[in-house]
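Structural overview for review
Okay, here's what each chain looks like letter by letter:
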Amino acid sequence: MSKDFRDLKVVISGAASGIGLATADLFEKRGASVARLDFAPISSSLSFRVDVTDEIQVAEAVASADNALGGIDVMVNTAAVFLYGPLLETSVAEARKVLDVNLIGTFLMARETIRVMKSRGKGGKIILFSSELAQLGREHHAAYCASKAGVSAMVRCWAKEFGPDILVNAVAPGPTDTPMLDYENMPPDWKRLESSNPLGRIGQPKEIAEAVLFLAGPGSNFITGQVLGVNGGAAMV
Ligand SMILES: NC(=O)c1ccc[n+]([C@@H]2O[C@H](COP(=O)([O-])OP(=O)(O)OC[C@H]3O[C@@H](n4cnc5c(N)ncnc54)[C@H](O)[C@@H]3O)[C@@H](O)[C@H]2O)c1
(Lines give C-alpha, C1' and ligand atoms only; values in the text may rest on other atoms or scores of the structure.)
Protein backbone atom coordinates (compact mmCIF):
# COMPACT_ATOMS: atom_id res chain seq x y z
CA MET A 1 0.00 0.00 0.00
CA SER A 2 1.35 3.44 -0.91
CA LYS A 3 2.31 5.78 1.92
CA ASP A 4 1.00 8.88 0.15
CA PHE A 5 -0.23 10.47 3.43
CA ARG A 6 3.20 10.22 5.09
CA ASP A 7 3.46 13.89 6.06
CA LEU A 8 -0.14 14.35 7.17
CA LYS A 9 -1.13 14.97 10.81
CA VAL A 10 -4.69 13.90 11.46
CA VAL A 11 -7.07 14.15 14.43
CA ILE A 12 -10.16 11.93 14.41
CA SER A 13 -13.02 11.96 16.89
CA GLY A 14 -15.24 8.91 17.31
CA ALA A 15 -12.16 6.82 16.58
CA ALA A 16 -13.05 3.97 18.95
CA SER A 17 -15.69 2.47 16.68
CA GLY A 18 -17.15 2.08 13.21
CA ILE A 19 -16.32 4.66 10.57
CA GLY A 20 -13.98 6.68 12.83
CA LEU A 21 -11.96 3.57 13.65
CA ALA A 22 -11.78 2.47 10.00
CA THR A 23 -10.74 5.99 8.97
CA ALA A 24 -8.00 6.19 11.60
CA ASP A 25 -6.66 2.78 10.54
CA LEU A 26 -6.71 3.68 6.84
CA PHE A 27 -4.88 6.99 7.43
CA GLU A 28 -2.20 5.13 9.40
CA LYS A 29 -1.86 2.46 6.70
CA ARG A 30 -1.23 5.24 4.18
CA GLY A 31 1.46 6.73 6.43
CA ALA A 32 -0.33 9.57 8.29
CA SER A 33 0.24 10.35 11.97
CA VAL A 34 -3.11 9.99 13.73
CA ALA A 35 -4.43 11.18 17.11
CA ARG A 36 -7.56 9.24 18.06
CA LEU A 37 -10.21 10.91 20.23
CA ASP A 38 -13.25 9.27 21.79
CA PHE A 39 -15.46 9.07 24.82
CA ALA A 40 -14.72 5.34 24.93
CA PRO A 41 -11.23 4.00 25.75
CA ILE A 42 -8.93 3.33 22.79
CA SER A 43 -5.86 1.13 22.81
CA SER A 44 -3.58 3.18 20.59
CA SER A 45 -0.30 4.91 21.29
CA LEU A 46 -1.80 8.32 20.54
CA SER A 47 -5.31 8.60 21.91
CA PHE A 48 -7.24 11.00 24.13
CA ARG A 49 -10.45 10.50 26.08
CA VAL A 50 -12.90 13.31 25.38
CA ASP A 51 -16.59 14.03 25.55
CA VAL A 52 -17.12 16.19 22.46
CA THR A 53 -19.96 18.07 24.19
CA ASP A 54 -17.59 19.39 26.89
CA GLU A 55 -15.96 22.67 25.89
CA ILE A 56 -12.97 22.32 28.23
CA GLN A 57 -12.30 18.68 27.41
CA VAL A 58 -12.41 19.38 23.67
CA ALA A 59 -10.01 22.34 23.98
CA GLU A 60 -7.61 20.22 26.05
CA ALA A 61 -7.80 17.16 23.79
CA VAL A 62 -7.26 19.16 20.60
CA ALA A 63 -4.34 21.06 22.19
CA SER A 64 -2.81 17.76 23.38
CA ALA A 65 -3.19 16.24 19.92
CA ASP A 66 -1.66 19.34 18.34
CA ASN A 67 1.32 19.18 20.71
CA ALA A 68 1.84 15.46 20.24
CA LEU A 69 1.61 15.62 16.44
CA GLY A 70 3.40 18.94 16.03
CA GLY A 71 0.38 20.49 14.30
CA ILE A 72 -2.92 19.42 12.78
CA ASP A 73 -3.46 19.26 9.01
CA VAL A 74 -6.79 17.44 9.00
CA MET A 75 -9.57 17.05 11.57
CA VAL A 76 -12.26 14.43 11.02
CA ASN A 77 -15.26 14.59 13.36
CA THR A 78 -17.23 11.35 13.29
CA ALA A 79 -18.38 11.24 16.94
CA ALA A 80 -22.17 11.08 17.07
CA VAL A 81 -25.14 9.31 18.60
CA PHE A 82 -28.26 7.97 16.92
CA LEU A 83 -31.85 8.21 18.11
CA TYR A 84 -34.91 6.30 16.98
CA GLY A 85 -37.48 8.75 18.30
CA PRO A 86 -41.16 8.92 17.33
CA LEU A 87 -42.05 12.54 18.11
CA LEU A 88 -44.85 11.79 20.56
CA GLU A 89 -42.59 9.46 22.57
CA THR A 90 -39.41 11.54 22.57
CA SER A 91 -38.46 13.59 25.62
CA VAL A 92 -36.72 16.94 25.42
CA ALA A 93 -33.74 15.37 27.21
CA GLU A 94 -33.41 12.70 24.49
CA ALA A 95 -33.69 15.24 21.67
CA ARG A 96 -31.22 17.60 23.39
CA LYS A 97 -28.67 14.81 23.83
CA VAL A 98 -28.61 14.11 20.07
CA LEU A 99 -28.33 17.78 19.22
CA ASP A 100 -25.66 18.26 21.88
CA VAL A 101 -23.36 15.45 20.69
CA ASN A 102 -23.95 15.73 16.94
CA LEU A 103 -24.28 19.49 16.54
CA ILE A 104 -22.52 21.15 19.48
CA GLY A 105 -19.85 18.42 19.47
CA THR A 106 -19.13 19.18 15.81
CA PHE A 107 -19.14 22.92 16.56
CA LEU A 108 -16.61 22.52 19.39
CA MET A 109 -14.30 20.13 17.53
CA ALA A 110 -14.24 22.46 14.51
CA ARG A 111 -13.79 25.63 16.57
CA GLU A 112 -10.90 24.32 18.66
CA THR A 113 -9.14 22.76 15.67
CA ILE A 114 -9.47 25.89 13.56
CA ARG A 115 -8.07 27.93 16.50
CA VAL A 116 -5.03 25.67 16.61
CA MET A 117 -4.57 25.72 12.82
CA LYS A 118 -4.74 29.52 12.81
CA SER A 119 -2.40 29.90 15.80
CA ARG A 120 0.25 27.97 13.86
CA GLY A 121 -0.39 30.23 10.85
CA LYS A 122 -1.33 27.21 8.78
CA GLY A 123 -4.28 26.12 6.74
CA GLY A 124 -5.90 22.72 6.89
CA LYS A 125 -8.90 20.59 6.16
CA ILE A 126 -11.96 20.01 8.32
CA ILE A 127 -14.06 16.96 7.47
CA LEU A 128 -17.38 16.60 9.26
CA PHE A 129 -20.09 13.93 9.27
CA SER A 130 -23.61 14.47 8.02
CA SER A 131 -25.96 11.66 6.89
CA GLU A 132 -28.07 10.77 3.88
CA LEU A 133 -31.03 11.06 6.28
CA ALA A 134 -30.45 14.82 6.56
CA GLN A 135 -31.37 15.01 2.88
CA LEU A 136 -34.01 12.27 2.73
CA GLY A 137 -35.73 12.68 6.09
CA ARG A 138 -37.21 9.64 7.80
CA GLU A 139 -40.19 9.15 10.08
CA HIS A 140 -39.22 8.70 13.75
CA HIS A 141 -35.78 10.26 13.26
CA ALA A 142 -36.40 14.02 13.41
CA ALA A 143 -33.82 14.90 16.08
CA TYR A 144 -31.07 12.88 14.40
CA CYS A 145 -31.96 14.25 10.94
CA ALA A 146 -32.06 17.81 12.30
CA SER A 147 -28.63 17.39 13.89
CA LYS A 148 -27.14 16.12 10.64
CA ALA A 149 -28.85 18.80 8.51
CA GLY A 150 -27.30 21.29 10.93
CA VAL A 151 -23.85 19.85 10.24
CA SER A 152 -24.41 20.28 6.49
CA ALA A 153 -25.39 23.92 7.07
CA MET A 154 -22.33 24.58 9.25
CA VAL A 155 -20.09 23.15 6.51
CA ARG A 156 -21.34 25.76 4.06
CA CYS A 157 -20.97 28.60 6.58
CA TRP A 158 -17.45 27.66 7.69
CA ALA A 159 -16.26 27.02 4.13
CA LYS A 160 -17.13 30.68 3.41
CA GLU A 161 -15.78 31.93 6.75
CA PHE A 162 -12.38 30.21 6.61
CA GLY A 163 -11.47 29.93 2.92
CA PRO A 164 -9.02 29.97 1.28
CA ASP A 165 -6.77 28.66 4.07
CA ILE A 166 -9.10 26.13 5.62
CA LEU A 167 -11.31 23.84 3.54
CA VAL A 168 -14.47 22.51 5.17
CA ASN A 169 -16.44 19.58 3.80
CA ALA A 170 -18.58 16.73 5.07
CA VAL A 171 -19.21 13.13 4.19
CA ALA A 172 -22.85 11.99 4.30
CA PRO A 173 -22.86 8.20 4.53
CA GLY A 174 -25.76 5.98 3.73
CA PRO A 175 -26.40 2.95 5.98
CA THR A 176 -23.00 1.56 6.94
CA ASP A 177 -22.12 -1.64 8.75
CA THR A 178 -21.15 -0.28 12.18
CA PRO A 179 -22.39 -0.66 15.78
CA MET A 180 -24.52 2.47 15.26
CA LEU A 181 -26.54 0.82 12.48
CA ASP A 182 -26.63 -2.65 14.11
CA TYR A 183 -27.72 -4.16 10.78
CA GLU A 184 -27.32 -7.77 11.94
CA ASN A 185 -30.05 -7.37 14.55
CA MET A 186 -32.57 -5.49 12.39
CA PRO A 187 -35.92 -7.02 11.48
CA PRO A 188 -36.04 -8.19 7.82
CA ASP A 189 -38.18 -5.25 6.59
CA TRP A 190 -35.72 -2.73 8.06
CA LYS A 191 -32.85 -4.61 6.43
CA ARG A 192 -34.68 -4.36 3.10
CA LEU A 193 -35.21 -0.62 3.59
CA GLU A 194 -31.56 0.01 4.49
CA SER A 195 -30.24 -1.88 1.45
CA SER A 196 -32.76 -0.50 -1.06
CA ASN A 197 -30.44 1.65 -3.14
CA PRO A 198 -29.12 1.23 -6.70
CA LEU A 199 -26.20 -0.85 -5.40
CA GLY A 200 -28.49 -3.12 -3.38
CA ARG A 201 -26.46 -3.24 -0.17
CA ILE A 202 -25.28 -1.27 2.84
CA GLY A 203 -21.79 0.25 2.90
CA GLN A 204 -18.68 -0.89 4.73
CA PRO A 205 -16.78 1.48 7.06
CA LYS A 206 -13.67 1.32 4.86
CA GLU A 207 -15.70 2.57 1.88
CA ILE A 208 -16.64 5.68 3.87
CA ALA A 209 -13.04 6.04 5.06
CA GLU A 210 -11.84 6.10 1.43
CA ALA A 211 -14.07 9.14 0.79
CA VAL A 212 -12.62 10.87 3.86
CA LEU A 213 -9.09 10.23 2.58
CA PHE A 214 -10.06 11.71 -0.77
CA LEU A 215 -11.29 14.88 0.97
CA ALA A 216 -8.09 14.97 3.08
CA GLY A 217 -5.75 14.51 0.13
CA PRO A 218 -4.47 16.83 -2.60
CA GLY A 219 -7.10 15.61 -5.08
CA SER A 220 -9.71 17.71 -3.27
CA ASN A 221 -7.85 21.02 -3.14
CA PHE A 222 -10.58 22.85 -5.12
CA ILE A 223 -13.45 21.39 -3.08
CA THR A 224 -14.95 23.22 -0.11
CA GLY A 225 -18.43 23.65 1.37
CA GLN A 226 -19.58 20.31 -0.03
CA VAL A 227 -21.44 17.39 1.46
CA LEU A 228 -20.25 14.25 -0.30
CA GLY A 229 -22.89 11.49 -0.39
CA VAL A 230 -21.36 8.02 0.01
CA ASN A 231 -24.55 6.01 0.02
CA GLY A 232 -24.79 3.56 -2.87
CA GLY A 233 -27.05 6.04 -4.65
CA ALA A 234 -29.74 6.06 -1.95
CA ALA A 235 -29.82 9.86 -2.01
CA MET A 236 -29.02 11.92 -5.09
CA VAL A 237 -28.61 15.68 -5.33
N1 LIG B 1 -23.43 3.83 10.41
C2 LIG B 1 -24.33 4.44 9.63
O3 LIG B 1 -25.21 3.80 9.03
C4 LIG B 1 -24.26 5.94 9.41
C5 LIG B 1 -25.07 6.49 8.42
C6 LIG B 1 -25.03 7.88 8.21
C7 LIG B 1 -24.18 8.66 8.97
N8 LIG B 1 -23.40 8.08 9.92
C9 LIG B 1 -22.52 8.96 10.70
O10 LIG B 1 -21.18 8.46 10.62
C11 LIG B 1 -20.49 8.80 11.82
C12 LIG B 1 -19.84 7.59 12.43
O13 LIG B 1 -20.87 6.68 12.80
P14 LIG B 1 -20.61 5.14 13.13
O15 LIG B 1 -21.65 4.39 12.43
O16 LIG B 1 -19.19 4.82 12.94
O17 LIG B 1 -21.00 5.14 14.70
P18 LIG B 1 -20.43 4.32 15.93
O19 LIG B 1 -21.52 4.33 16.94
O20 LIG B 1 -19.86 3.01 15.49
O21 LIG B 1 -19.22 5.25 16.43
C22 LIG B 1 -19.46 6.50 17.01
C23 LIG B 1 -18.34 6.83 17.97
O24 LIG B 1 -18.60 8.12 18.54
C25 LIG B 1 -18.27 8.06 19.92
N26 LIG B 1 -19.01 9.07 20.66
C27 LIG B 1 -20.35 9.14 20.88
N28 LIG B 1 -20.65 10.17 21.68
C29 LIG B 1 -19.47 10.77 21.97
C30 LIG B 1 -19.13 11.90 22.76
N31 LIG B 1 -20.06 12.62 23.41
N32 LIG B 1 -17.83 12.24 22.84
C33 LIG B 1 -16.88 11.53 22.19
N34 LIG B 1 -17.14 10.46 21.43
C35 LIG B 1 -18.43 10.08 21.33
C36 LIG B 1 -18.65 6.66 20.35
O37 LIG B 1 -17.96 6.30 21.57
C38 LIG B 1 -18.22 5.83 19.15
O39 LIG B 1 -16.88 5.38 19.27
C40 LIG B 1 -21.53 9.46 12.74
O41 LIG B 1 -21.41 10.87 12.62
C42 LIG B 1 -22.86 8.98 12.16
O43 LIG B 1 -23.91 9.86 12.47
C44 LIG B 1 -23.41 6.74 10.16
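Here we summarise the structure given alongside this text. Owing to the predicted nature of the structure, the values given are computational and were not obtained by experimental measurement.

Brief notes about the site of the ligand
The immediate surroundings of the ligand are formed by 28 residues, with Ser17, Ile19, Asp38, Tyr144 and Thr178 found nearest. The backbone of Val50 places a nitrogen or oxygen atom 3.4 Å from a nitrogen atom of the ligand. At 2.9 Å, a backbone N or O of Thr78 approaches an oxygen atom of the ligand. For the ligand, the accessible surface in isolation is 820 Å², of which the surrounding protein chains cover 92%. Taken together, the elements giving at least two residues each to the shell around the ligand come down to helix H1 (18-29) and helix H5 (142-162). For the shell around the ligand, a count of residues per class yields 16 nonpolar, 9 polar and 3 charged.

Here we look at H1
With 12 residues, H1 extends 17 Å from end C-alpha to end C-alpha; this agrees with the ideal 16 Å at 1.5 Å per step. Of the residues making up H1, those classed as buried are Gly18, Ile19, Gly20, Ala22, Thr23, Ala24, Leu26 and Phe27. Contacts from the buried residues of H1 go to strand S1 (9-13), strand S2 (33-38), strand S4 (74-77), strand S5 (124-129), strand S6 (166-173) and helix H7 (205-216). Positioned one or two residues after H1, Gly31 has a phi angle of 100°, which is positive.

Focus on the sheet that holds strand S7 (residues 227-230)
The strand order across the open sheet built from 7 strands is S3-S2-S1-S4-S5-S6-S7, with neighbouring strands paired in parallel fashion. The open sheet has two free edges, formed respectively by strand S3 (47-49) and S7, since each of these has just one partner strand. Ignoring which end each strand starts from, the neighbouring axes of this sheet average 20° apart. Alignment of S1 against S2, held across 5 bridges, turns out to be parallel. Opposite Val10, over in S2, you have Val34 as the bridge partner.

Parameters at a glance
Counting starts from 1 at the beginning of each chain's written sequence and moves along it residue by residue. Two thresholds apply to this predicted model, a pLDDT of at least 70 for residue-level local features and 80 or more for giving and counting side-chain atom pairs, whereas whole-chain, interface and lining totals are computed over all residues. Processing note: side-chain calculations cover all non-hydrogen atoms of the structure and skip hydrogens and water entirely. What makes a residue near a molecule or strand is one non-hydrogen atom of that residue sitting within 4 Å of it. Polar contact is defined as a pair of N or O atoms within 3.5 Å, subject to the rule that within protein one atom must be able to donate a hydrogen and the other to accept it, and that residues adjacent in sequence are counted only when both atoms are side-chain atoms. Computed with the Shrake-Rupley method and a 1.4 Å probe, the accessible areas treat only the protein chains shown as cover for residues. Strands here are runs of E lasting at least two residues and helices are runs of H or I lasting at least four, both read from the DSSP assignment and numbered beginning at the N terminus. Classification used: nonpolar for Ala, Val, Leu, Ile, Met, Phe, Trp, Tyr, Cys and Pro, charged for Asp, Glu, Lys and Arg, polar for all others including Gly. Multiplying one less than the number of residues by 1.5 Å gives the expected span of a helix. Only protein chains enter the accessibility calculation, which uses a 1.4 Å probe; a residue is then buried when its area is under 20% of its type maximum, exposed when over 50%, and partly exposed in between. Any two residues whose heavy atoms approach within 4.5 Å are treated as being in contact. Strands are labelled as partners when DSSP assigns at least two bridges between them. A fitted line through C-alpha atoms represents every axis, and for helices the fit uses only the stretch in contact; the resulting angles, taken between N-to-C directions, go from 0 to 180 degrees.

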